[in-house]
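Each chain is listed here by its residues.
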Amino acid sequence: FAAAPAAGAGAGDAAARKLEEELQHRMNRVELLVRLGELSRAARHLSVDSRPAPATAATLAALKGKHPPCSRPIPLAALHPVPAPTPLVLEAEALRRALRQSPKGSSGGCDGWTVDHVRRLLLDDARLFEEVLGVCQLIAAGAAPAEAAKLLGLGRLIALDKAGKDVRPICVGQMLRRLTGRAAMIQLRKEVEEALAPLQLGISVSCGVEVVCRAEQAWLEMHPDHVMLFVDVRNAFNEVSRAAVFEALNESPGLRCLLPMFRAFYEETGTLWYDMGAELGAQAVESAEGTQQGDPGSGLAFALAIQGPLRRAAAAIGQTAAPQTGLCVAIADDMRIAGPPDLVTAVFAQLEADLRASAGLTVNRVKTVGLSVASRILSPPAGVRVVDAGTPPAERGVISLGIPQGHPDYVRAKVAEVFIQHAILPARLARYGHAAKQASLLLLRKCALPQAIYVLRCLPPDFCAAAASTLDGHLLDCLGSILATDFREANYPTAAQLATRRAAGAEEDGPLTREIIQSAAKQIALPIRVGGVGLFRLTQLAASSHVASVWNTQYMLSRVFPAAAAAFAAA
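Analysis parameters
Residues numbered from 1 in each chain as written. Predicted model: local features only at pLDDT ≥ 70, side-chain atom pairs only at ≥ 80, totals over all residues. Heavy atoms only, no water. Helix = DSSP H or I, 4+ residues; strand = E, 2+ residues; numbered from the N terminus. Buried < 20%, exposed > 50% of the residue type's maximum accessible area, 1.4 Å probe, protein only. Contact = heavy atoms within 4.5 Å. Phe/Tyr/Trp six-rings, centres within 6.5 Å; stacked < 30°, edge-to-face > 60°. Lys NZ or Arg CZ within 6 Å of the ring centre and 35° of its normal. Axes fitted to C-alpha atoms, helices over the stretch in contact; angles between N-to-C directions. Nonpolar A, V, L, I, M, F, W, Y, C, P; charged D, E, K, R; others polar. Pairing = 2+ DSSP bridges.

Novice: Looking at this model, I keep getting lost on the overall build of the chain. Mind explaining?
Specialist: When its secondary structure is counted, the chain shows 25 helices and eleven strands. Taking the principal axes of its C-alpha atoms as reference, the chain extends roughly 95 × 60 × 45 Å. Within the span of the chain, comprising 571 residues, buried residues form 51% of the whole. Summarising the internal contacts of the chain: among those between residues at least 6 apart in sequence, 69% fall at separations of at least 24.

The following block contains the structure:
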């Protein structure tokens, strides 16, 4: 864990000094986000080192390369089906929830407007709220004038640097479109889950990530000789076929009401604007294919487009067979297929061809991994990285959704590294949080602790005990650094030692003893309502967190992997 706060170490290193200055500057933004109540975003802002790519011609060319031309025209029957769907009638409560849940302090689109500009006005003024609800209803029904829809469909592009090797495009949509889309997703949450689960668990499914982690663990444990493929898709959201989106939308009875709104923004080529500074101004990037990530409905659109290939892969692998012979499940664009080696190879070839033909997507074989815990993968798909019985046990696994999966030796070896990643935030709070004690304490309690608890929820306690104990000490050190107090017991004498030294005439600094520090550490771990700090011990939470996750995921796991759910229920 000593490596975690090393971002500012090495005074002679120019890059380290630059990062040190940047992190100190970030604390101003962190304080603002904390005051707005955006704790998770404040934590990401401090701990994740993503930065904009330089606004150059190369960056602009890379952004254009991420937005390919249309690969397949949208069939007229998919755009204007007969009978026509009834447009969504937006509920007032859904819009109110969208206003409350929209992130505070977020960036605006091309017009500069954010929900912050209107949130309080709309929630306090009933008449104004009804007026804006009417405008959002026009957008949701696809009934806004064509000129207005074109303006609402604009997006502001941001290019994030990916270690100098590539760029990640982020699109910020117009405020009214984002607000309407968020309200629609809130209102149709149940319909979305019915359309996608149990194959797609990344959209509108509670604890979906934990369900997938638990299914992976159970399958690898119950079928150690099988192969699990972790399938990666290249530039997924920007390349998915819009034709596939509209075709799938028409096949989902509970979601066809969204077709008019999707048609207003995705029927024609959209325009995204990338700001290259005062000299070059804003440059246009055409969006003719894929979804726009500034659209709250983009995740649903993508998931619908790949639902057909997932469904056919699940049938081929035996997901619903009796007994179940394979596993097929996805979190957004991260797909897993598992089963007997020859069957997995055949289903992977089918899925790869199906994604290309129906959804316009390309599987990235370089980033796709095949894992087998107890056997050799003799005929893996070409170009896929193989981790099997020929790999040393301590290296026989993969990190999936932030959790190590594979051989028990690998999981034990990697869980400490995973916890180190969760130690970056408290380490930086300890280093830069002295001037913002309240903000730092909130982030430590509300973000740093829950990030580590996610690992405890997904892994059995015996895998996490040692690393959790170490992180407990690190969190306590962070608290001590923020409060300028040393909570390490070993640095204090016991009461008996202190009495002996004083009897011998020694001058001791302060009245603190090891017993007092131990008592303070216990009080720190208590809830705030009883006088504590709420910084709970991970070692004390490990078992209860894992059991709670098993309970929360039991229903959906019974639909994904019934045998595993039955085993957990019996245990």
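Novice: Sorry, what's going on with the packing of aromatic side chains here?
Specialist: Describing an aromatic ring pair means giving the distance of the ring centres and the angle of the ring planes. All told, the structure shown has three aromatic pairs when counted by the stated rule. Between Phe 237 and Phe 302, the aromatic rings sit 4.6 Å apart at their centres with planes inclined by 25°, giving stacked as the arrangement. Note that Phe 237 is positioned in helix 12 (residues 236-239) and Phe 302 in helix 16 (residues 298-317), a separation of 65 residues in sequence. The ring of Phe 265 carries the charged tip of Arg 177 above its face, separated from the ring centre by 4.3 Å. Positioned over the ring face of Phe 568 is Arg 214, at 5.8 Å from the centre of the ring.

Novice: Can you walk me through unusual backbone geometry in this structure?
Specialist: Across residues other than glycine, the phi torsion is negative in most instances, and most of the peptide bonds are trans. The amide bond that connects Val 82 to the next residue, Pro 83, takes the cis arrangement and shows omega of 0°. Mapping Pro 83 onto the fold places it in the loop between helix 4 (76-79) and helix 5 (92-101). With an omega dihedral of 5°, the bond running from Ala 197 to Pro 198 counts as a cis peptide bond. Structurally, Pro 198 can be placed in the loop between helix 10 (189-196) and helix 11 (208-222). Of note in the backbone geometry, Asn 235 takes a positive phi value of approximately 45° without being a glycine. Under the relative-accessibility criterion, Asn 235 is labelled buried at 18%.

Novice: What is the right way to look at the packing of helix 18 (residues 408-422) against helix 19 (residues 424-432) in this model?
Specialist: The description of two helices packed together rests on the angle between their axes and the distance between the axes. Relative to each other, helix 18 and helix 19 sit at 40°, their axes nearing to 4 Å. Contacts from Ile 420, Gln 421 and His 422 of helix 18 reach helix 19 at Ile 424, Leu 425 and Pro 426. Tallied by class, residues from the contact of helix 18 with helix 19 come to four nonpolar, two polar and no charged.

Novice: In this structure, what is going on with the sheet that holds strand 5 (residues 282-287)? I would like to understand it.
Specialist: In sheet architecture, strand pairing relies on hydrogen bonds along the backbone and comes in two forms, parallel and antiparallel. A sheet is described by the order of its strands in space; here four strands give the open sequence 2-1-4-5, paired in mixed fashion. The sheet is open, and its two borders are formed by strand 2 (166-173) and strand 5, each paired with just one other strand. Pairwise comparison of adjacent strand axes, ignoring direction, gives a mean angle of 40° for this sheet. The sheet contact formed by strand 4 (residues 270-275) and strand 5 spans six bridges and is antiparallel. Across the sheet, the residue bridging to Tyr 274 is Gln 283, located in strand 5.

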